[in-house]
Every structure is written in C-alpha cells, then in structure tokens.
Amino acid sequence: MITRLAKAGLAAALSVTVLSTGAAVAAPADAPSASAQHVTVSQSGNYPGGFFTSGNMSASWVSSGTSDLTGPTHFTVDLPPGVVTDGAMFYSTPYDYTFTETLSPDGRHLEAVLTGTRVVGKSEFMKLNLRTTPGVPIAGVITVTAANPNDTDPTGHISRYDLGSRSYLPPTVQAAPAVTGLDTTTGPGAGGTAVTVSGSNLTGGMVLVGGVPAPGTCTDSACTVTTPGGSGSAPVSVVTPGGTTAAATAFDYTGNPPPAPPAPVVGNLTTKSGPVAGGTQVYLQGSNLTAGSITFGGVPAAHVSCGPSFCSATSPAGTAAGPVDVTVTTAGGTSAPVTFTYTA
C-alpha cells in the first residue's frame, strides 16, 4: 500500500531522543556524523495517560549527513501491551517518493519503507492515532527506529518514550547486526520464496535482496521474509538501526525474471527554462517513474527523486544556451523527451 496523506496540522519540531531494544551500548557524546548519508529519528505527541485513554504520536526523521540520503529507509514503531494503532498517516511534498507501510494484526507493530532521495536537512513525519485497552495499565515503552543501508553511523536511529514515567529515555546505540546464514538460497525469478535469515542483533531490521526490500519481519535472531522478483545471483543483506551486514551466501534466482515494468512516460515539465549554469529546481509529472534517473541533454541531473507519477530534480550545468532533451530512465526503459531550454 502506498500512502500519501494530507498534513494533519502537526508541528514538525519534535524532541530528539534515542534508545534501542536488544543489545545496546551507551550512545557517544554528540558529534558530527562520520557518515555522508545519515538519518536521525525522534518522536513526540499527546500520549495516552492519566485521564486520557487515547492519544496520538508522531515519528519524525531528518536527513542530517553531508550528502543526499538515498535508497530505502526503514522505520518501525513498536507499542507496549494495551496500546494499539490503526496505521500511520505520512505527509511529505512533493510526491517524489514511494512510502509503504505494514501493520501487524494486533495493531502494535508498524513497519514502513520510504524510498526516495532526501536532501540534507529534509524533515518528515508520520502520525499515528493511539488507543488503549480498558483495564490494562497505560505503561510500557514506545519504540521508534530508522535504518538506511547507506548510513554507517549507528547513532540517532532509535527513540523510546516511557508511558509510565512520561519521559524520554536516554540514548543508546544498538549493536551491529550479524548474519549467520539463509535457510533457502534459490527461488524463481518471479519472487515469492520464503526465506529465513538467521543471525543476531537483527531487531528492527529490513532485508534487502539484490538491493530491493523483501517484505517480512525481524526478531533479534531471525528475519522471515518473502523474496521480491529478480534475476541472477542477488546479494542479501540485513539493515538495522545498528548498521548493515551482508550474508556470506547470495540468493540465486532461477527461471525467467519478472516482466520488465512499463516504460516511463513524462507528461509535463513544470519549469521549462533556467540558466546555463544549472541549479534550477524542476518537477516532472507522468507515470511509471518510480526510482527513475533524469538527464538534461545526456547529463545527469542532481538531487533526483522519483515516485510513481512525480519526480524532482535540479538541472545540471549546460554546455551552451538553447534547448536540450530531458528524459527519465527506469528499469522499464527511457521516456520520450521533453524540452528544457538553457538561458544565457
């Protein structure tokens, strides 16, 4: 399910605290991230407690490294016994991303994956309504996590709020994951193979097969997922709040790969001209654009992010004033060009 919902009037300024579940060590003192791509997560809200048997919360994140955050970013929200949600509302504009979420049957565990390019300083959030069970004390810890395979700094990835003490818990860092094996290493190119990845410190993890998120869930010692479609020998890795670890064994796809997606179509370029020096923010509207790359006259654009029907990008420098072709390329092919004109 792809979710794009309107802003719910919630302030984006949220208090930052982090703590992990499972194996953890004390977080180091605040220092600039050593990772070029880095994401930090926080939470806040009108939590249930006292006379209030319902409430709401938000999970917020910000790209805080020195380079654009790219690839899939995985988020989890875990609620204590007696507290449930019916899912998350996510708000961000422009719609140059995909956002999927899965809620456990008991309403206490939510997983979401955001795929798109996020420039440094970009802040976003999802909001959850919370309900409590009559007769069950409003207590326990709400845990929110974030993880991205390109983020090598494990700090700032986990936030915990204690409903009992009504306070945020001190920051810690989850130990790095370890992968010891896969119970299944082959399956059809169409995907759909059940695979268990065993290891340790896998809590809050996302499994990538050939770089593509595999739907499923992780405990501390195992992740049970279903393979996406693919071809050839695909590396398998687990991305957690503590880091990313690759399995020693790849997953080998057999038979025919899944059909190629439809070719991208660009219907409109919102800004049709800009200086030859580059740096113009442009938006492209169309269809089948997910995970596309963009070129201007054959030159790659900067800060490219594409959802199913919308892309954002920054024009590169041109070689001379005049018109150039702008195209979007995906696994389905390259779109017919639209025209952007460089001005002197």
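As a reminder, the structure under discussion sits directly above these lines.
Residues numbered from 1 in each chain as written. Predicted model: local features only at pLDDT ≥ 70, side-chain atom pairs only at ≥ 80, totals over all residues. Heavy atoms only, no water.

Enquirer: An account of the packing of aromatic side chains is needed here, citing residue identities and associated values.
Expert: One pass over the full model with this rule turns up eleven aromatic pairs. Taken together, a centroid distance of 4.2 Å and an interplanar angle of 10° make the contact between Phe90 and Phe99 stacked. Residue classification places Phe90 among the buried positions, given a relative accessible area of 0%. In this structure Phe99 comes out as buried when scored by relative accessible area, which is 0%. Arranged with centres 4.9 Å apart and planes meeting at 65°, the rings of Tyr161 and Tyr168 form a pair that is edge-to-face. Of the residues examined, Tyr168 reaches a relative accessible area of 27% and is grouped as partly exposed. Within the aromatic cluster, the residues linked to one another by ring pairs are Trp61, Phe75, Phe90, Tyr95, Tyr97 and Phe99. (Phe/Tyr/Trp six-rings, centres within 6.5 Å; stacked < 30°, edge-to-face > 60°. Buried < 20%, exposed > 50% of the residue type's maximum accessible area, 1.4 Å probe, protein only.)

Enquirer: Go over the environment of Gln285, please, and point to the residues and values.
Expert: Position of Gln285 relative to the elements: it lies in strand β26 (residues 281-287). Between the C-alpha atom of Gln285 and that of Thr184, which follows or precedes it by 101 residues, the distance is 41 Å. Other than its neighbours up to four places away in sequence, Gln285 contacts Val265, Val266, Gly267, Asn268, Thr270, Ser309 and Phe310. (Helix = DSSP H or I, 4+ residues; strand = E, 2+ residues; numbered from the N terminus. Contact = heavy atoms within 4.5 Å.)

Enquirer: Please give an account of the layout of surface pockets that cites residues and values.
Expert: Estimated volume of the largest pocket: approximately 1000 Å³. Breaking the lining of the largest pocket down by element, the ones donating at least two residues are β4 (72-78), β6 (98-103), β7 (109-115), β16 (206-209), β17 (212-214) and β18 (216-218). For the lining of the largest pocket, the per-class residue count stands at 19 nonpolar, 15 polar and two charged. (1 Å grid on protein atoms, 1.4 Å probe; cavity = no way out; pocket = protein on both sides within 12 Å on 5 of 7 lines; lining within 4 Å. Points joined across faces, edges and corners; volume = space filled by probe spheres on them. Nonpolar A, V, L, I, M, F, W, Y, C, P; charged D, E, K, R; others polar.)

Enquirer: Can you tell me about the state of the cysteines, naming the residues and giving the values?
Expert: One pass over the structure, following the stated rule, counts two disulfides. Residue pairing for Cys218: its cysteine sulfur links by disulfide to Cys223, the two sulfurs lying 2.0 Å apart. For the disulfide bridge between Cys218 and Cys223, the dihedral angle about the S-S bond is near 110°, and by the sign convention the bridge is right-handed. Take Cys223: its relative accessible area is 0%, and that puts it in the buried class. Between the sulfur of Cys306 and that of Cys311 lies a disulfide, 2.1 Å long from S to S. What sets the handedness of the Cys306 and Cys311 disulfide is the S-S torsion sign, and at about 115° it is right-handed. Cys311 shares its class with Cys306; the two are buried. Cysteine pairing for the chain (bonded cysteines numbered in sequence order): 1-2, 3-4. (Disulfide = S-S within 2.5 Å.)

Enquirer: An account of the environment of Ser58 is needed here, citing residue identities and associated values.
Expert: With respect to the secondary-structure elements, Ser58 resides in strand β3 (residues 54-63). Using a relative accessible area of 1% as the deciding quantity, one classes Ser58 as buried. For the pair formed by Ser58 and Val39, sequence separation is 19 residues and the distance between their alpha carbons is 16 Å.

Enquirer: I'd like to hear about the sheet that holds strand β30 (residues 310-314), residue by residue, with values.
Expert: Whenever strands of a sheet pair, they do so through backbone hydrogen bonds, lying parallel or antiparallel. With respect to topology, four strands assemble into an open sheet ordered β24-β26-β30-β29, the strand pairing being antiparallel. Single-partner strands in this sheet number two, and they are β24 (265-269) and β29 (302-306). Taken pair by pair, the neighbouring strands of this sheet meet at an average axis angle of 25°, ignoring direction. As defined by bridge partners, β24 adjoins β26 across four bridges and the pair is classed as antiparallel. In the strand pairing of β26, Val265 is matched with Ser287. (Pairing = 2+ DSSP bridges. Axes fitted to C-alpha atoms, helices over the stretch in contact; angles between N-to-C directions.)

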